[in-house]
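# Structural overview
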Amino acid sequence: DGGITQSPKYLFRKEGQNVTLSCEQNLNHDAMYWYRQDPGQGLRLIYYSQIVNDFQKGDIAEGYSVSREKKESFPLTVTSAQKNPTAFYLCASSKTGSNQPQHFGDGTRLSIL
Amino acid sequence: QKEVEQNSGPLSVPEGAIASLNCTYSDRGSQSFFWYRQYSGKSPELIMSIYSNGDKEDGRFTAQLNKASQYVSLLIRDSQPSDSATYLCAVNDSGGYNKLIFGAGTRLAVHP
């Protein structure tokens, strides 16, 4: 079954700790994205990547980092510089092209201990 | 700043009625428009795509697009309690890079 797998489903971060959220897709999509969603809010773009070894900052990249070493994988690290990391994190992927929809994984819910 | 505006709701409709969800967007160059459904605590699920002016029907769902007015809508006929969710409107960013601009969503509540 093709899809996008995010892990873990729930994650807890201690003060001063970096944590990494995993996102893997087997849809053969070139483009991948990370969004943050706060309660009652829309999706805010953190980082996106259109091709392996290349990625761009979104609207709220501060305190986050990513890598794109493989087409299938786009991990997100929430660093200690992100002072308010509690949110629902969504990974998405799409084919390239302006008419392509994005498809989402099941999300990771991050909380501060 | 490119924006997508939606009424946050809740929009409350009785079971069997038509639910009408609306969305306006600021990017005049946008060419692709999407509706996603998001159940509470879950991730968004694509339900409709529309690219041309007019109506597009898929089962109980109809998407309507008017590019001149920069307006997209979603009609849900014969609404069911299982349709209760938040509906997100998304439009492509004409600046490129495969980006979508999402609205904050409209919460729909269908009551028996």
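Provided above is the structure to which this section pertains.
Scoring rules and cut-offs
- Residues numbered from 1 in each chain as written.
- Chains lettered and ligands numbered in written order.
- Predicted model: local features only at pLDDT ≥ 70, side-chain atom pairs only at ≥ 80, totals over all residues.
- Heavy atoms only, no water.
- Pairing = 2+ DSSP bridges.
- Helix = DSSP H or I, 4+ residues; strand = E, 2+ residues; numbered from the N terminus.
- Axes fitted to C-alpha atoms, helices over the stretch in contact; angles between N-to-C directions.
- Contact = heavy atoms within 4.5 Å.
- Buried area = accessible area lost by both parts, 1.4 Å probe.
- Salt bridge = Lys/Arg side-chain N within 4 Å of Asp/Glu carboxyl O.
- Nonpolar A, V, L, I, M, F, W, Y, C, P; charged D, E, K, R; others polar.
- Disulfide = S-S within 2.5 Å.
- Buried < 20%, exposed > 50% of the residue type's maximum accessible area, 1.4 Å probe, protein only.

A separate point is the sheet that holds strand S1 (residues 4-7) of chain A. Residue and element names in this part refer to chain A. Strand order in the open sheet formed by four strands is S1-S3-S8-S7, with antiparallel pairing between adjacent strands. Because the sheet does not close on itself, it has two edges, and the strands there are S1 and strand S7 (64-66). Looking at each pair of strands side by side, their axes are set apart by 20° on average, direction ignored. Here S1 pairs with strand S3 (residues 19-25) via four bridges, running antiparallel. Each bridged residue has a counterpart across the sheet, and for Ser7 the counterpart in S3 is Ser22.

Interfaces are often sized by the accessible area lost when the parts come together. Facing the 19 residues of chain B at the interface are 26 residues of chain A. At the boundary of chain B with chain A, total buried surface from both sides reaches about 1,700 Å², with 52% on carbon and sulfur atoms. Together, Tyr97(B), Asn98(B) and Phe102(B) form the three largest contributors to the area buried by chain B at its contact with chain A, with a combined 32%. Joining chain B to chain A, the criterion identifies zero salt bridges. Of all elements in the fold, only strand S4 (33-38), strand S9 (85-92) and strand S10 (100-102) of chain B reach the threshold of two or more residues within the side of chain B that touches chain A. The leading source of residues in the side of chain B that touches chain A is S4(B), at three residues. In the side of chain B that touches chain A, the residues fall into ten nonpolar, seven polar and two charged.

Right, let's talk about the state of the cysteines for a bit. All names here are of chain A. For the structure on display, the rule yields two disulfides over all chains. The disulfide bridge from Cys23 ends at Cys91, spanning 1.9 Å between sulfur atoms. Here the disulfide of Cys23 and Cys91 is left-handed, its torsion about the S-S bond being about -75°. Here Cys91 lies in strand S9 (residues 87-94) and Cys23 lies in strand S3, a separation of 68 residues in the sequence. Both residues of the pair, Cys23 and Cys91, count as buried.

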